[in-house]
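Structural characterization, general
Okay, here's what each chain looks like letter by letter:
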Amino acid sequence: MGLNIRGRSFLTLLDYTPEEIEYLIDLGAEFKRMKRCGVEHKWLSDKQIVLLFEKTSTRTRCSFEVGARDLGMGVTFLDPGSSQMGKKESLADTAKVLGRLYDGIEYRGFKQSVVEDLAKYSGVPVWNGLTDDFHPTQMLADMLTAREEFGRDLRGRKLTFFGDARNNVANSLMVACAKLGLHYCACGPKELMPSEALIEKCCAIAAETGAELEFTDDPACGARDCDILYTDIWLSMGEPAELWEQRIALLRPYQVNGALIAQAKPTAIFLHCLPAFHDRNTTVGEEIYERFGLEAMEVTDEVFLGPQARQFREAENRMHTIKAVLWATLQ
Ligand code: CP
Ligand code: NVA
């Protein structure tokens, strides 16, 4: 049965019930099925949305654009260089104008408070396309990908995040797993564990849903009985490049490689939100190799190109699940 989330913003999964999150994943699966079967679904042809990006993107931007067009909507893309926001016009004023012109606003940027203020002042649904704290649309794609592997009921499955366990993706995974009753394991150095405040919130959610939360600095513990090995870039957008050296020293033991995945369940899958530093075929990857001699960072090619890798399916699922969010909040 459909739930009604029309008119709501999608800023963090903390604002959504487990049933609402399941509903969005179900809807994403249904949009995927329709697209595969060639069933047209231009159901929102009277709507216009704007995409506001203060950080770079491939998947999120393209998923919003393709998803919106499949739904028949008009889309405007604004990058930091092409809007007045923050420089000549306040956030509140920008939100008030955009809310009069558009039916919904996607925002990717820095502070979580910006996406919250956009929602407050614009009066239309706002979707968080990644902030320093959270990346909620990513979670819907991740959980859809996990479901495609393990079935609809993910309760009790162990998902371990290896690496910078307090970044936006890791924070969101902890919330998503808590909401959906998974066993979430944050595996990384003590310096890079989630905030006490977020852990407290997730523990309270877990007490309701039966989820389990684990925190460890031992990669072997993270991999043991693991169904989903997840990692992300070691230095997120907005963090200073001077931190690379320190971050590499801290996170090297948490690289997802052949030896680590071999300690997980044989049926385990690998996920990564992408982009990934798994080889030297990027300018940053090559620079890191020259400075530190690392052929790969958070994941090696053995895993990234191996039989357990599902990250490209996961990337495709971004579009189907973002379409679900657009439809559910704008219908
Ligand atoms: N996973 C993700 O958000 O990718 P982009 O940064 O390319 O949007
Ligand atoms: N943690 C990464 C996620 C990219 C999708 C970043 O913020 O750069």
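Residues numbered from 1 in each chain as written. Chains lettered and ligands numbered in written order. Predicted model: local features only at pLDDT ≥ 70, side-chain atom pairs only at ≥ 80, totals over all residues. Heavy atoms only, no water.

Some details on the layout of surface pockets
Quick note on the threshold: Using protein atoms alone on a 1 Å grid, points that fit a 1.4 Å probe yet trap it form a cavity, whereas open point sets bounded by protein on both sides within 12 Å along at least five of seven lines form a pocket; residues with an atom within 4 Å of a point count as lining. Grid points are joined across faces, edges and corners, and a volume is the space filled by probe spheres set on the points. Helix and strand labels come from DSSP, where a helix needs a run of H or I of at least four residues and a strand needs a run of E of at least two; each type is numbered from the N terminus. Residues were grouped as follows: Ala, Val, Leu, Ile, Met, Phe, Trp, Tyr, Cys and Pro as nonpolar; Asp, Glu, Lys and Arg as charged; and all remaining residues, including Gly, as polar.
The space that makes up the largest pocket amounts to roughly 360 Å³. Lining the largest pocket are 20 residues, and of these Arg108, Leu130, Met237, Leu274 and Pro275 lie nearest its centre. Counting residues per element, the ones that place at least two in the lining of the largest pocket are helix H2 (59–70) and helix H6 (168–180). Grouping the constituent residues of the lining of the largest pocket by class yields eight nonpolar, eight polar and four charged. Reported here for the second largest pocket is a volume of approximately 290 Å³. Considering the residues around the second largest pocket, the lining is formed by 18 residues, among which Asp132, Asp133, Arg166, Asn167 and Asn171 are closest to the centre.

Things to note about the site of ligand 2
Applied cut-off: Being near a molecule or strand, for a residue, means having at least one of its heavy atoms within 4 Å of it. A 3.5 Å cut-off defines polar contacts: any pair of N or O atoms within that distance qualifies, except that in protein one atom must be a possible hydrogen donor and the other a possible acceptor, and neighbouring residues in sequence count only when both atoms are side-chain atoms. Surface accessibility in these figures is a Shrake-Rupley result with a 1.4 Å probe; residues are shielded only by whichever protein chains are displayed. Think of it this way: if more than half of a molecule's atoms are within 2 Å of a pocket's grid points, that molecule is in the pocket or cavity.
Taken together, the neighbourhood of ligand 2 is formed by Leu130, Asn167, Asn168, Val169, Asp232, Ile233, Ser236, Met237 and Leu274. At 2.8 Å, a side-chain N or O of Asn168 approaches a nitrogen atom of ligand 2. When ligand 2 is considered free in solution it has 270 Å² of accessible area, and contact with the protein chains removes 95% of it. The pocket occupied by ligand 2, as judged from atoms lying within 2 Å of grid points, is the largest pocket. A class-by-class count of the residues in the shell around ligand 2 yields five nonpolar, three polar and one charged.

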